[in-house]
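# Chain and residue survey
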Amino acid sequence: MFFSSSRFAFVHELEQQWQLVRDECMALPLNEFDPWPEKNLCKQGWDVYGLVLASRFILANCIFCPTTTELLRLIPGIVNAGFSRLAAGAVITPHVGYSSEVLRLHLGLLVQAPSGIRVGQQVRNWMPGQCLIFDDTVEHEAWNRSDSDRLVLLLDFVKPQGWSHHGTN
């Protein structure tokens, strides 16, 4: 289930600054990205560069991404954040997240078709400069069938108080 990004005030600023975020991500050496630890979800080709873990900013990494870090500090209840790289041909198998307390956001940075994500029965394609927000506890999977890397800013934030689960089409 996807949710309208217009429901979250901080999304506008992320989308306005997306090119600066993309440039900071692309300036990072590829060897600074770590393989996603759950090999059962993606055998190879899914790497991340962490910026926030368990609500704590990873200062040794944030120093290289000052604009992105500043934007992340605007997000109420940020729990985890980082850059997610999905290599050409990589597939993330269907899975569900661990916490019903958060929503997940992907800000498209470098995306080529055909790459996409399915959450529940809904399929979306990432678009550069646009956010997708979804409930990580609903089964989801992702793929990159293009011939280049897919890059997104991936983050989890605490569901707002009084949250209602009305998604979008």
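Placed above this text is the structure.
Worth saying up front: this structure is predicted, and the values here are computed from it rather than measured.

## Things to note about the overall build of the chain
Within the chain one finds 4 helices and 12 strands. The globule rule puts the C-alpha radius of gyration for 169 residues at 15 Å, and the 15 Å found for the chain is close to it. By residue count, 50% of the 169 residues in the chain fall in the buried class.

## Observations regarding the environment of Leu41
Position of Leu41 among the secondary structure elements: in the loop between strand 2 (34–35) and strand 3 (46–53). In this structure, Leu41 is in contact with Trp36, Trp46, Val91, Ile92, Thr93 and His95, ignoring residues within four places of it in sequence.

## With respect to the nonpolar core
Core analysis: the biggest nonpolar cluster contains 33 residues, and Leu14, Leu72, Phe83, Leu105 and Leu153 have the highest contact counts within it. Put simply, the parts of the chain that give this core at least two residues each are helix 1 (10–16), helix 2 (18–27), strand 3, helix 4 (66–72), strand 5 (78–86), strand 7 (102–110), strand 10 (131–134) and strand 12 (150–158). Those residues in contact with Leu153, other than ones at most four positions away along the chain, are Leu14, Val21, Leu51, Thr68, Leu72, Gly82, Phe83, Leu105, His106, Leu107 and Leu109. In terms of nonpolar packing, the next biggest core, distinct from the first, is built from 18 residues, Cys42, Trp46, Leu86 and Phe134 among them.

## Side note on the pattern of salt bridges
All told, the structure shown has 8 salt bridges when counted by the stated rule. Note that Arg22 and Asp23 form a salt bridge whose closest N and O atoms lie 3.1 Å from each other. A salt bridge links Arg104 to Asp156, with the nearest nitrogen and oxygen atoms 2.7 Å apart. Highlighted residues: Arg104 in strand 7 and Asp156 in strand 12, separated in sequence by 52 residues.

Thresholds applied
Residues numbered from 1 in each chain as written. Predicted model: local features only at pLDDT ≥ 70, side-chain atom pairs only at ≥ 80, totals over all residues. Heavy atoms only, no water. Helix = DSSP H or I, 4+ residues; strand = E, 2+ residues; numbered from the N terminus. Rg over C-alpha atoms; globule rule 2.2 N^0.38 Å. Buried < 20%, exposed > 50% of the residue type's maximum accessible area, 1.4 Å probe, protein only. Contact = heavy atoms within 4.5 Å. Core = buried A, V, L, I, M, F, W, Y, C linked by side-chain atoms within 4.5 Å. Salt bridge = Lys/Arg side-chain N within 4 Å of Asp/Glu carboxyl O.

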